[in-house]
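Now for the letters of each chain:
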Amino acid sequence: MSNDNNKLKLGACVAMLAGGCIGSSIFSLSGMTMYYAGPAAIFSWLCAAIICGLYGLQAAELSIRYPKSGGVFVFPAKAINPKWGFIAAWGYIVANLIAVSFAAIYVGTYLGVSWKMFSNMQIALAIIAVLFVTWMNLKKVTMAGKVNNILVLSLIVCMLVYVVVAFTHPNFCWDNFSHFFDGGMGKTGWIEAIPNAMTGYGSIVAIAFMVSEVHEPNKTVPKSLFIALGLIVGLYMLMIIATMGHITKDFLVENPGMRFIPMFAAAFTSMSNVPWLSKIISIAAVLALITTMLVVEKLTVGAVKSMADAEMLPSVLKKENKDGAPVVATIVVAGVCAVLSFFPEETEILVNLGSLFAAINISLVIISAIFARKKVPHAEGNFKAPGGNVVSIIAVMAIIVTYIPKMIGGGNTAMWIFTIALYVIGLLIMMYYTQKGEPKL
């Protein structure tokens, strides 16, 4: 897109980052973090924000050194080598396919629990959600950006209404925050909850990965990241504290069906005398889930197209429509997400699988920043992430430490089997295409 009028400016970038982050995680996975950590889930989300904020800064610097969209593939491919770019992008694509399908599933869930007419339509509504965001992503990026702005503004209003009602409701109980570190699954439960919380900030790199479509990226990419992250953290803290003032970890243990709809659970039980509140939560959740799907599907398609451009996936995947959208890649991504939406009963394993893939590709992107600093000299005036290589290493170590409980914990056999199998499939595809010739970067 050579015309700057067709590029994303600061406001649209902030809205896209906020919309991409505020979605399935805060409205669904926050319940799992409360289940693992109890009141200390607050720390889980703050730690996740710090880690993902560092990740975002690394990606912002990389986007200035390598100003081409498709960053999750482009950054490691150019900074290290194309094979590492493929591995990072493969993990990213898997994690995002899961994220989009999970969000679609919970569009149906939230609508179903609030309106009886939708109660038996979870899968159908999930497919409709996938089709809607796919249609939007086949339009011009500026049009999708305008629609996203409206959705995000509506979402924030709904969230603030919920927060005000929750904090001012007579059933709000500060005693729910006692035994702060003992209220979950042991004293380290808040650490185990961090990977799930990290998914709530995963799209903080969206603008860095779409750098070719951004107006004045050297200023816009880092500035939009700082503004959006502050907005997101503030809203997340308000939502989590407001919810935990009404439901406890014990409630989530006794009612497993409520673990993935915690805000609705609080509105439906503790605040049942405000009958319209559960409807507000469902509307907010659906808006959040749709905006997440919109951004994450677009990022996934961008990664697929970048790999196709480099001749590491079938060339048909880079075919564009008249609006410049990769039409074949978009349809393929949407098709996979639609298929995964048929398995709502596998939600928990999908979540854990997606968070593990996300951790791996986040680490690879951060590591690629270290290599990029050696390869591409810093140009005066260009954005540079604070702390340089030291902060990069700290960020990767933090990710590893937070994943230790999941790595050594019981009940994760299926997750590891699926992880290994999916990476093996990716490596076979990579070997096939790299044997055909050198990737084109």
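Refer to the structure presented above.
Below, the structure is looked at part by part.

Cut-offs and rules
- Residues numbered from 1 in each chain as written.
- Predicted model: local features only at pLDDT ≥ 70, side-chain atom pairs only at ≥ 80, totals over all residues.
- Heavy atoms only, no water.
- Salt bridge = Lys/Arg side-chain N within 4 Å of Asp/Glu carboxyl O.
- Helix = DSSP H or I, 4+ residues; strand = E, 2+ residues; numbered from the N terminus.
- Buried < 20%, exposed > 50% of the residue type's maximum accessible area, 1.4 Å probe, protein only.
- Contact = heavy atoms within 4.5 Å.
- Axes fitted to C-alpha atoms, helices over the stretch in contact; angles between N-to-C directions.
- Parallel < 35°, antiparallel > 145°, perpendicular 65-115°, else oblique.
- Left-handed = near helix turned anticlockwise from the far one by under 90°.
- Nonpolar A, V, L, I, M, F, W, Y, C, P; charged D, E, K, R; others polar.
- Polar contact = N/O pair within 3.5 Å; in protein donor to acceptor, adjacent residues only side chain to side chain.

**Focus on the pattern of salt bridges**
For step 1, the next point in the chain: Taken as a whole and judged by the stated rule, the model has seven salt bridges.
For step 2, the next point in the chain: The closest approach of N and O atoms between glutamate 61 and arginine 65, which form a salt bridge, is 3.0 Å. Highlighted residues: glutamate 61 and arginine 65, both in helix α3 (residues 41-65), separated by four residues, approximately one helical turn.
For step 3, the next point in the chain: For arginine 65, a relative accessible area of 14% puts it in the buried group.
For step 4, the next point in the chain: In this structure, aspartate 250 and lysine 249 form a salt bridge, with 3.6 Å as the shortest nitrogen-oxygen distance.
For step 5, the next point in the chain: Residues participating in the shared-partner salt-bridge network are Glu61, Arg65 and Arg373.

**A few points about the side chain of serine 363**
For step 1, the next point in the chain: Checked against the element boundaries, serine 363 lands in helix α16 (residues 347-375).
For step 2, the next point in the chain: Apart from residues no more than four positions distant in its own chain, serine 363 is found in contact with Val396 and Ile399.

**Some thoughts on the packing of helix α14 (residues 275-309) against helix α15 (residues 327-340)**
For step 1, the next point in the chain: It is at 9 Å that the axes of α14 and α15 come closest, and there the two elements cross at 125°. Viewed along their axes, α14 and α15 adopt a mutual orientation that is oblique. Crossing angle aside, the handedness with which α14 passes α15 is right-handed. For the pair α14 and α15, the contacting residues are Glu297, Thr300, Val301 and Val304 in the first and Ala329, Thr330, Val333 and Ala334 in the second.
For step 2, the next point in the chain: Each residue belonging to the contact of α14 with α15 can be placed in one class, and the counts come to five nonpolar, two polar and one charged.

**Remarks on the environment of serine 341**
For step 1, the next point in the chain: Tracing the backbone through its elements, the reader meets serine 341 in the loop between α15 and α16.
For step 2, the next point in the chain: Residue serine 341 is classed as buried on the basis of its relative accessible area, which comes to 1%.
For step 3, the next point in the chain: With 235 residues separating them in the primary sequence, serine 341 and tyrosine 106 have C-alpha atoms 9.5 Å apart.
For step 4, the next point in the chain: With residues up to four places along the chain from it excluded, the contact list for serine 341 reads Ser101, Ala104, Ile105, Ile123, Ala126, Ile127 and Val130.
For step 5, the next point in the chain: In terms of polar contacts, serine 341 uses its side chain to reach the backbone carbonyl oxygen of cysteine 337, at 2.8 Å.

Everything listed here is a matter of geometry and, on its own, says nothing about what the molecule does.
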